[in-house]
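Results of the structural survey
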Protein chains: 2
Amino acid sequence: MTMKKTLAALLLGTIVFTPVFADEAQEKAIEYRQSVFTVVGWHFKPMGAMIKGEKPFNAAEFQRMAENVAFMSKLAAEGFIPGSDAKAGDTEAKDDIWKKPDEFKSKMADFEKASAELASVAKGGDMNAIKPVFGKTAETCKACHKAFRKD
Amino acid sequence: MTMKKTLAALLLGTIVFTPVFADEAQEKAIEYRQSVFTVVGWHFKPMGAMIKGEKPFNAAEFQRMAENVAFMSKLAAEGFIPGSDAKAGDTEAKDDIWKKPDEFKSKMADFEKASAELASVAKGGDMNAIKPVFGKTAETCKACHKAFRKD
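Now for a quick tour of the structure.

Rules behind the numbers
In this convention, every chain numbers its residues from 1, walking through the sequence in written order. Working convention: letters from A go to chains and numbers from 1 go to ligands, in the order in which they are written. Residues qualify for local features only when their pLDDT is at least 70, as the model is predicted, and side-chain atom pairs are given and counted only at 80 or more; totals for whole chains, interfaces and linings, by contrast, use all residues. Note: side-chain values were computed over all heavy atoms of the structure, leaving out hydrogens and water. Geometry is summarised by axes, namely lines fitted to C-alpha atoms with helices restricted to the contacting stretch, and by angles between N-to-C directions that run from 0 to 180 degrees. Numbering of helices and strands starts at the N terminus; helices are DSSP runs of H or I of at least 4 residues and strands are runs of E of at least 2. Comment on the angle field: the value is read as roughly parallel under 35 degrees, roughly antiparallel over 145, roughly perpendicular from 65 to 115, and oblique elsewhere. Each helix crossing is assigned a hand: it is left-handed if the near helix lies turned anticlockwise from the far helix by less than a right angle, otherwise right-handed if that turn is clockwise. The contact definition used throughout considers only heavy atoms, calling two residues in contact when any of these lie within 4.5 Å. When residues are grouped by polarity, Ala, Val, Leu, Ile, Met, Phe, Trp, Tyr, Cys and Pro land in nonpolar, Asp, Glu, Lys and Arg in charged, and all others, Gly among them, in polar. The term buried area means the drop in 1.4 Å probe accessible area that two parts suffer when joined, counted for both and summed. Throughout this description, the term salt bridge denotes a Lys or Arg side-chain nitrogen within 4 Å of a carboxyl oxygen of Asp or Glu. In superposing the copies, a least-squares fit is computed on C-alpha atoms, taking residues whose pLDDT is at least 70 in both.

**As for the packing of helix H5 (residues 101-122) of chain B against helix H6 (residues 127-148) of chain B**
When two helices pack together, their arrangement is captured by the angle between the axes and the distance separating the axes. Residue and element names in this part refer to chain B. Across the interface, H5 lies against H6 with an axial gap of 9 Å and an inter-helix angle of 160 degrees. Overall, the two elements H5 and H6 adopt an arrangement that is roughly antiparallel. Viewed along their axes, H5 and H6 form a crossing whose handedness is left-handed. Counted together, Glu 103, Phe 104, Lys 107, Met 108, Asp 110, Phe 111, Ala 114, Ser 115, Glu 117, Leu 118, Val 121 and Ala 122 of H5 and Ala 129, Ile 130, Val 133, Phe 134, Lys 136, Thr 137, Thr 140, Cys 141, Ala 143, Cys 144, Ala 147 and Phe 148 of H6 form the full contact between these two elements. Here the contact of H5 with H6 is built from residues that sort into 16 nonpolar, 3 polar and 5 charged.

**Remarks on the interface of chain B and chain A**
Residue-level contacts link 19 residues of chain B with 19 residues of chain A. Carbon and sulfur atoms supply 68% of the area that chain B and chain A bury against each other, a total of about 1,600 Å² over both sides. When the area that chain B buries against chain A is broken down by residue, the three leading residues are Tyr32(B), Trp42(B) and Phe71(B), summing to 37%. Summed over the shared surface of chain B and chain A, the result is 2 salt bridges.

**What about the relation of the copies chain B and chain A?**
Least-squares fitting of chain B to chain A yields an RMSD of 0.0 Å, with the superposition described by an axial translation of 0.0 Å and a rotation of 180 degrees. Such a turn and shift between the copies fits a two-fold axis. Scanning chain B for the C-alpha nearest the rotation axis identifies Ser35(B), at a separation of 2.2 Å. The share of interface residues of chain B whose copies in chain A are also at the interface is 100%, consistent with both copies meeting through the same surface.

See the structure below:
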């Protein structure tokens, strides 16, 4: 429970007689996975800008960022611990993550696989080969957000 | 500049005639590097608990976490872009980071080196060999925090 929600609950009197304390592990997990995605975004966005031609293509830098995204993609899943949903803290994670764990795992696996492929093709430094794999990777982000993230 | 600081400045009238808008790149950099350290902490703390015997030693899990910290250690530095100091957002970063860049780089390099060594020794799964290298890695964190992070 966030500080804000705790205060709101106190003001509403809902936790005066039945105290509910923040589950620190769940809040930490939310913070962790959001951090993972922040790091993913930091490396993903400049790649997107290079793909669109908004930024000059730097093959070495593209490769480095693709490798970082591929590595980070393997770290996100462990942050979705049971109970780390909207009741536990400030998160856009939908409850379906825990209701449809197989579908969620499958979508996360799609992201891992596509970003590994992107890191691999990035080694060649050929924009024509990179472009479709970048698009495919971005689609795995979107598909998971659409199914499992609140707007 | 954070929302809070912007509001405070507006109330004080200091930015009514000389508008200063948030430098998004600097705020993003602050958020990015804090995220990197959050991910570091997520993996570092359970290793510490294993070292202290508060948690059973799981060699494979320890190795995985050590590798994650070693990887993350290489990602932090790029978040300290010029101007991403306390004037730009909510950060504990001291101005000395940008005033003494060589010392800061050297301390970050110490962390990279020690955590790479930790990931390497963790492969052996021998707690007696791991312990001193874990301690050395933790010291690199502390040394950098002491010099470059506000309390």
